Amino acid sequence: MIVLGIEGTAHTFGVGIVEDENSYCNVLANAMVTYMPEKGGIHPREAANYHAEHAAEVISKALSQSNLSMNDIDLVSFSRGPGLGPCLRTAATAARALAATYSKPIIGVNHCVAHLEIGRGVIRECEDPVLLYTSGANTQVIAFAEGKYRVFGETLDIGIGNCLDKFGRIVGLPFPSGPIIEKLALKGKRYLPLPYSVKGMDIAFSGLLTAAEQYYRKGEDIEDICYSIQETTFAALVEVTERAMAHTEKREVLLGGGVAANKRLREMVEIMAKDRGADFFVPPKELCVDNGAMIAWLGLLMYKSGIRMKIEDTTIDQRFRTDMVEVTWRG
Ligand code: ATP
Ligand code: FE2
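Trainee: What's the story with the overall build of the protein chain in this structure? I'm lost.
Mentor: Helices and strands together make up the secondary structure of the protein chain, namely 10 helices and 12 strands. Computed over its C-alpha atoms, the radius of gyration of the protein chain comes to 20 Å, within 12% of the 20 Å expected for a compact globule of 331 residues. A burial count over the protein chain gives 55% of its 331 residues as buried. In the protein chain, once contacts between residues fewer than 6 apart in sequence are set aside, the share between residues at least 24 apart is 74%. Carbon and sulfur atoms make up 49% of the accessible area of the protein chain, which amounts to about 14,100 Å² in all. The average position of the 35 basic charges and that of the 41 acidic charges among the side chains of the protein chain differ by 3 Å.

Spelled out as structure tokens, the structure:
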């Protein structure tokens, strides 16, 4: 079965094409464009206009990457949520138009669950992980329990990526600032104490962001501040992930989301996994960030498990929670 998936929850408009090969995911194409605001944060309507302008071109690119035409596609899937309303509506509209024009079935999927399933799909050894999902807007620790993907811990305010990008904006770094902060942190030597807020299984970042800004205004070294931000926020992420692993007795940890590109975060999660005798996995970068291939793969799993949607069922849901999904494709 060959599926075309459309992602459009936030900055990225992505189109992926996948097929199943002995129940693993074979990525045939994964094309994307990313909206970059000229200054400030993301403006939902401007991002959606950008997606609408590029939709046809990205769909064509994915088809040509895979040497396929729409006739070869068995199913169209798209991200129903969670995300920004105007962006979700644009991706859903593109998916409905394709499905209707070419008389293909259509399925809307949960974006967060897709981040986890693509890891299981492309990494053969990865069977039942705890996912640490760290992106711009999202920070969640997710695992499968009693028929659903449950959120064991999450941010109470902003996502880890937004925290890094916001600090970057305060100190005049370009967007996205995460990768630049990673480089600066490598040269940091002195740890500056920052608020560490793990509340139960949840995490908050805004207090730390304010304290980091104060260090900057007081003239502390930017490399030391970046180093301290990474050490503190990543330690909190690792702590919550480890507790979820202990609670669920799972022996695998999977990283996902754009911040998973960070080498220091990978190293810290890997050390924790090793200490527990657990396995550590991270998919290739283009499958960690928001992408169409993960949406296509989850659509494929759902369709094969018997789920069907009519066009009228394909409404978007900005607050589509991970644990609202009935997981019909896992034994
Ligand atoms: P969503 O939250 O809807 O999943 P998004 O568009 O915000 O989507 P991603 O594309 O998954 O998220 O990731 C973008 C984020 O990843 C940005 O905040 C960026 O700063 C951060 N990021 C990218 N590379 C690195 C890195 N090497 N270190 C730290 N952060 C990084
Ligand atoms: Fe995402």
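Additional details are given in the paragraphs that follow.
Trainee: Can you walk me through the site of ligand 1 in this structure?
Mentor: For ligand 1, the set of nearby residues contains 23 residues, the closest of which are S135, A137, D165, E182 and D290. In this structure, an oxygen atom belonging to ligand 1 sits 3.2 Å away from a main-chain N or O atom of G136. A distance of 2.8 Å separates an oxygen atom of ligand 1 from a polar atom in the backbone of A137. The set of elements that each furnish at least two residues to the shell around ligand 1 consists of α4 (160-170) and α5 (178-186). Taken together, the residues of the shell around ligand 1 break down into 9 nonpolar, 11 polar and 3 charged. The residue makeup of the shell around ligand 1 includes at least three contributed by each of domain 1 (2-116 + 287-324) and domain 2 (128-282).

Trainee: For this particular structure, what's the right way to read empty space enclosed by the protein?
Mentor: The gaps left among the atoms become clear once a water-sized probe is rolled over them. Applying the stated criterion to the full structure yields 1 cavity of 30 Å³ or more. Each pocket or cavity is described by its volume, and for the largest cavity that value is around 40 Å³. Lining the largest cavity, in full, are P195, Y196, S197, I203, A204, F205, L208, T232, T233 and A236. Looking at the lining of the largest cavity, the elements that each hand over two or more residues are β10 (202-204) and α7 (222-248). Here the lining of the largest cavity is built from residues that sort into 7 nonpolar, 3 polar and no charged.

Trainee: How should the sheet that holds strand β1 (residues 2-7) be read in this particular structure?
Mentor: Two modes of strand pairing occur in sheets, parallel and antiparallel, and in both the strands are linked by backbone hydrogen bonds. Taken in spatial order, the 5 strands make up an open sheet running β3-β2-β1-β4-β5, and their pairing is mixed. Edge positions in the open sheet fall to β3 (24-34) and β5 (106-110), since each of these has one partner strand only. Put simply, the sheet's adjacent strands are angled 25 degrees from each other on average, direction ignored. Against the sheet, helix α1 (residues 44-66) engages β1, β2 (12-21) and β3, with an angle of about 145 degrees to β3. On the sheet, helix α10 (residues 292-304) packs against β1, β2, β3, β4 (75-81) and β5 and is oriented at approximately 45 degrees with respect to β2.

Trainee: Just to check I follow, could you spell out the coordination of the iron ion (ligand 2) for this structure?
Mentor: Tetrahedral coordination by four donors sets the ideal angle at the metal to 109.5 degrees; octahedral coordination by six donors sets it to 90 or 180 degrees. Ligation of the iron ion (ligand 2) by protein atoms is provided by H111 (NE2), H115 (NE2), Y133 (OH) and D290 (OD), these donors lying 2.1 to 2.4 Å from the ion. Look at where the donors of the iron ion (ligand 2) fall in the sequence and you get H-x3-H-x17-Y-x156-D. Residue H115 is located in helix α3 (residues 111-122), and its partner Y133 is located in strand β6 (residues 130-134); the two are separated by 18 residues in the primary sequence. This pair shows no difference in class: H115 is buried, exactly as Y133 is.

Trainee: Would you mind showing me how to read the side chain of S177 here?
Mentor: The residue S177 is located in the loop between α4 and α5 in this model. Within the structure, S177 has its side chain in polar contact with the backbone oxygen of P174 (distance 2.9 Å). Once residues within four sequence positions are removed from consideration, S177 is found in contact with L164, D165, G168 and R169.

Trainee: When you look at the domain arrangement of the protein chain in this model, what are you seeing that I'm missing?
Mentor: Many structure descriptions define interface size as the accessible area lost when the parts assemble. Taken domain by domain, the protein chain consists of domain 1 (2-116 + 287-324) and domain 2 (128-282). Relative to domain 2, the C-alpha centre of domain 1 lies at a distance of 27 Å. On the domain 2 side, the residues contacting the 16 residues of domain 1 number 19 residues. Buried area between domain 1 and domain 2, summed over both chains or domains, comes out near 1,500 Å², and the portion from carbon and sulfur atoms is 68%. Its salt-bridge partner being R321, residue E154 comes within 3.6 Å of it at the nearest N-O pair. Looking at side-chain class alone, the side of domain 1 that touches domain 2 contains 7 nonpolar, 6 polar and 3 charged residues.

Criteria and cut-off values
- Residues numbered from 1 in each chain as written.
- Chains lettered and ligands numbered in written order.
- Predicted model: local features only at pLDDT ≥ 70, side-chain atom pairs only at ≥ 80, totals over all residues.
- Heavy atoms only, no water.
- Helix = DSSP H or I, 4+ residues; strand = E, 2+ residues; numbered from the N terminus.
- Rg over C-alpha atoms; globule rule 2.2 N^0.38 Å.
- Buried < 20%, exposed > 50% of the residue type's maximum accessible area, 1.4 Å probe, protein only.
- Contact = heavy atoms within 4.5 Å.
- Areas by Shrake-Rupley, 256 points an atom, 1.4 Å probe, with all protein chains shown as cover.
- Lys, Arg positive; Asp, Glu negative; His and termini not counted.
- Charge placed at Lys NZ, Arg CZ, Asp CG, Glu CD.
- Near = heavy atom within 4 Å.
- Polar contact = N/O pair within 3.5 Å; in protein donor to acceptor, adjacent residues only side chain to side chain.
- Nonpolar A, V, L, I, M, F, W, Y, C, P; charged D, E, K, R; others polar.
- Domains from an automatic or database assignment.
- 1 Å grid on protein atoms, 1.4 Å probe; cavity = no way out; pocket = protein on both sides within 12 Å on 5 of 7 lines; lining within 4 Å.
- Points joined across faces, edges and corners; volume = space filled by probe spheres on them.
- Pairing = 2+ DSSP bridges.
- Axes fitted to C-alpha atoms, helices over the stretch in contact; angles between N-to-C directions.
- Donors = N, O, S within 2.8 Å, 3.2 Å for Na, K, Ca; no water.
- Buried area = accessible area lost by both parts, 1.4 Å probe.
- Salt bridge = Lys/Arg side-chain N within 4 Å of Asp/Glu carboxyl O.

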